[in-house]
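# Structural characterization, general
Spelled out from the first residue to the last, the chains are:
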Amino acid sequence: MLSHSVMAAEPLLPGGRLSQLHPVLKAFVCGSLSGTCSTLLFQPLDLLKTRLQTLPPATAGRRPGMFKLFLNIIQNENIFGLWKGLLPSFLRCIPGVGLYFSTLYAAKQHFFPKQGPSPIESVLLGAGSRTVAGVCMLPFTVVKTRYESGKFGYRSVYGALNNIYKTEGPRGLFTGLTATLLRDAPFSGIYLMFYTQAKKIVQHEEIDPAFSSLQNFGCGIMAGIMASVATQPADVIKTHMQLSHEKNRWTGQVATHIFRNHGVTGFFRGGFPRALRRTFMAAMAWTVYEQMMEKMGLKS
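Since the model is a prediction, treat every value here as computed from it, not as a measurement.

### Quick notes on the overall build of the protein
- Within the protein, the secondary structure is distributed over 10 helices and 0 strands.
- Across the 300 residues in the protein, those meeting the buried criterion constitute 51%.
- For the protein, restricting intrachain contacts to residue pairs at least 6 apart in sequence, the fraction spanning at least 24 positions comes to 78%.
- About 14,900 Å² of surface is accessible on the protein, with carbon and sulfur atoms providing 65% of the total.

Given below as structure tokens:
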């Protein structure tokens, strides 16, 4: 099924001129299309993660689990409530994933044109590429988080951006930047390291080319689980910072607040839906991206 979507990708540009684009732009297009598929499928898990992380301390002893929260959202907001925040997610993830993959491709071609990077170099490549994308897309991340929380009455993405800018200043659009980078840069670095190493191990075995997509997806699952667990506390801190109206709250203050009110377990709230989403989303994005790049004769 992936091969059909990949073959259909070229006509998406006028005149089917995808093959004439610069390789870095091709990587951007491949990444953006992979980001579209994964964002649409896994947005409900991101919403559940945000809701679980922001439950008030008073309900800590009897707070609903993921499944009960899932049912509550359907009952109170209907089935489409699970996709609340999809538009800002699209605006963030589609160009963001494209920017990540194009930056990663350009860096690999510049620094490692003949041989692949080592594990440590993979961590630096993944972290650096995600930092570029994360900083550029952070305003949409703030809006997405607030949409998903259900605590803000924004009617449009533009209205939300405008409201944040007017009430909180330009700094409000970059709320949680440190926590976001502490979450995303390590995640991408750790993910890329485990993903490339898993592929090297698997490629020593004789595998039918028809199963290459399944092989890539499996490697992505393994890498995603490891990276998600390692970066979960930073994700909780980021969510709390972006939902706060208070100005000048820094990362350490928010971390202390979470610890005092929720304990150590508070840093792992929403961990299961986030791990599911980030793991499957990253695995799908890399699988689609690599297949598309292969079809265009480029080494990912």
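Once the structure has been displayed, the description carries forward.
### Notes on the nonpolar core
- Core analysis: the biggest nonpolar cluster contains 35 residues, and Phe-101, Tyr-191, Trp-286, Tyr-289 and Met-293 have the highest contact counts within it.
- Sorting the residues of this core by element identifies helix H2 (23-53), helix H4 (86-111), helix H5 (119-149), helix H7 (177-202), helix H8 (212-242) and helix H10 (271-295) as the ones contributing at least two each.
- At 10 residues, the largest contribution of residues to this core is made by H10.
- Setting aside residues up to four positions removed in sequence, Tyr-289 forms contacts with Ala-27, Cys-30, Gly-31, Ser-34, Phe-101, Tyr-105 and Ser-300.
- Counting residues in hydrophobic clusters, the runner-up holds 12 residues, among them Leu-138, Val-157, Ala-160 and Leu-173.

### Things to note about the pattern of salt bridges
- Applying the stated rule across the entire model yields 13 salt bridges.
- Between Arg-51 and Glu-77 there is a salt bridge; the shortest N-O distance is 3.1 Å. Of this pair, Arg-51 sits in helix H2 while Glu-77 sits in helix H3 (residues 66-77); the two residues are 26 residues apart in sequence, bridging distant segments of the chain.
- The class for Arg-51 is buried, based on a relative accessible area of 11%.
- Taking relative accessible area as the criterion, Glu-77 reaches 24% and is therefore assigned partly exposed.
- Linking Asp-184 and Arg-183 is a salt bridge whose minimum nitrogen-to-oxygen distance equals 2.6 Å. For the residue pair Asp-184 and Arg-183, the accessibility class agrees, reading buried in each case.
- Linked by salt bridges that have partners in common, Asp-46, Lys-49, Lys-144, Glu-148, Arg-183, Asp-184, Asp-235, Arg-274, Arg-277 and Arg-278 make up one network.

### Concerning H10
- Helix length check: H10 (25 residues) gives 36 Å between terminal C-alpha atoms against 36 Å at 1.5 Å per residue, within 8%.
- Among the 25 residues in H10, 19 count as buried, and that is most of the element.

### Here we look at the environment of Thr-180
- Tracing the chain through its elements places Thr-180 in helix H7.
- When the C-alpha atoms of Thr-180 and Ile-237 are compared, they prove to be 8.5 Å apart, with 57 residues separating the residues in sequence.
- Discounting chain neighbours no more than four positions away, the residues touching Thr-180 are Leu-138, Ala-185, Lys-238 and Gln-242.

Here is what the cut-offs are and how they apply
- Residues numbered from 1 in each chain as written.
- Predicted model: local features only at pLDDT ≥ 70, side-chain atom pairs only at ≥ 80, totals over all residues.
- Heavy atoms only, no water.
- Helix = DSSP H or I, 4+ residues; strand = E, 2+ residues; numbered from the N terminus.
- Buried < 20%, exposed > 50% of the residue type's maximum accessible area, 1.4 Å probe, protein only.
- Contact = heavy atoms within 4.5 Å.
- Areas by Shrake-Rupley, 256 points an atom, 1.4 Å probe, with all protein chains shown as cover.
- Core = buried A, V, L, I, M, F, W, Y, C linked by side-chain atoms within 4.5 Å.
- Salt bridge = Lys/Arg side-chain N within 4 Å of Asp/Glu carboxyl O.
- Expected span 1.5 Å × (residues − 1).

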